Amino acid sequence: MAWSLRFQGVGNASAVALGSPMATIERDGAPWLAIDCGAEGLTAYLEHYGEAPRALFVTHVHLDHVAGFERLFVADYFDSARRGKTRLYVPATVVPLLHRRVGDYPNVLAEGGANFWDAFQLVPVGDAFWHHGVRLEVFPVRHHWPETAYGLRLRGSLVWSGDTRPIPEMLARHADAGELVAHDCALHGNPSHSGIDDLEREYPHELLERCLFYHYAGVADGQALAGRGHRVATPGEVVALAVPTAEREQPA
């Protein structure tokens, strides 16, 4: 069984040409779990797979990560085969933020009779959740405000940092099994995002060698990061992942 990660977009909120930061974990080439739902990211997803995601993990609710939800609502609500079946795994502290950001609009349909959440199966999550019989881990990151942004781990295979400042203490715990670490990194950091100087200062060499950077400001910045010897993701890129060592559901 082959696992991979496909990047729908790798740019920051202003780097529209690079696509909004979204990726999908694939199993045997099929979408298994999408991460976030930005507008440009959802467009790339639809163009590649030909249908909307069936399962998503939401890292946080800045619009470059959730602006695709209105289209996703329409795709799901008006399709009887999909309505109420798309799983949204959302950290519990993020659920009210997501509701205020994308779900709390009076009369989501002008005709009435519909609630935003009718279209989805909302699954609030804590430190971990199960998806298709595999256990994934969730951990807080440092982005903008405490308890508003989270990373994701598929043990032995992938760690997705989400938008974050450096988190060496979290990755020492949640990226200690040789995982590929897809990490927020720009050429220059700010109070909500990592810059390359930050990561080179705070992360050990072994961890940096496993990092694949996304969420940068433009092609030139990506080339500059690569010029410093780092791996940089590009839109549409597919990266092979190790077979997860995460806990599996035991057959009954």
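Definitions and limits used
- Residues numbered from 1 in each chain as written.
- Predicted model: local features only at pLDDT ≥ 70, side-chain atom pairs only at ≥ 80, totals over all residues.
- Heavy atoms only, no water.
- Helix = DSSP H or I, 4+ residues; strand = E, 2+ residues; numbered from the N terminus.
- Rg over C-alpha atoms; globule rule 2.2 N^0.38 Å.
- Contact = heavy atoms within 4.5 Å.
- Areas by Shrake-Rupley, 256 points an atom, 1.4 Å probe, with all protein chains shown as cover.
- Lys, Arg positive; Asp, Glu negative; His and termini not counted.
- Charge placed at Lys NZ, Arg CZ, Asp CG, Glu CD.
- Buried < 20%, exposed > 50% of the residue type's maximum accessible area, 1.4 Å probe, protein only.
- Arc of directions from axis to C-beta.

An unreviewed UniProt entry lists the protein under the name MBL fold metallo-hydrolase, from Luteimonas notoginsengisoli.

Chemist: So what exactly am I meant to see when it comes to the overall build of the protein here?
Modeler: Each helix and strand counted, the protein has eight helices and 14 strands in total. Computed over the C-alpha atoms, the radius of gyration of the protein is 17 Å, within 12% of the 18 Å expected from 2.2 N^0.38 for a compact globule of 252 residues. By its C-alpha atoms, the protein is 55 × 45 × 35 Å across when sized along the principal axes. Of the contacts formed within the protein by residues at least 6 apart in sequence, a portion of 59% connects residues at least 24 apart. Accessible surface, the protein: about 11,200 Å² in total, of which carbon and sulfur atoms supply 52%. The positive charge centre, built from 21 side chains, and the negative charge centre, built from 31, are 4 Å apart in the protein.

Chemist: Before we go on, may I ask you to explain helix H4 (residues 95–103) in this structure?
Modeler: Structural remark: α-helix, 3.6 residues per turn; residues separated by three or four positions point the same way. Of the residues making up H4, those classed as buried are Val95, Leu98, Val102 and Gly103. An end-on view of H4 places all buried positions within 70° of arc, on one side of the element.

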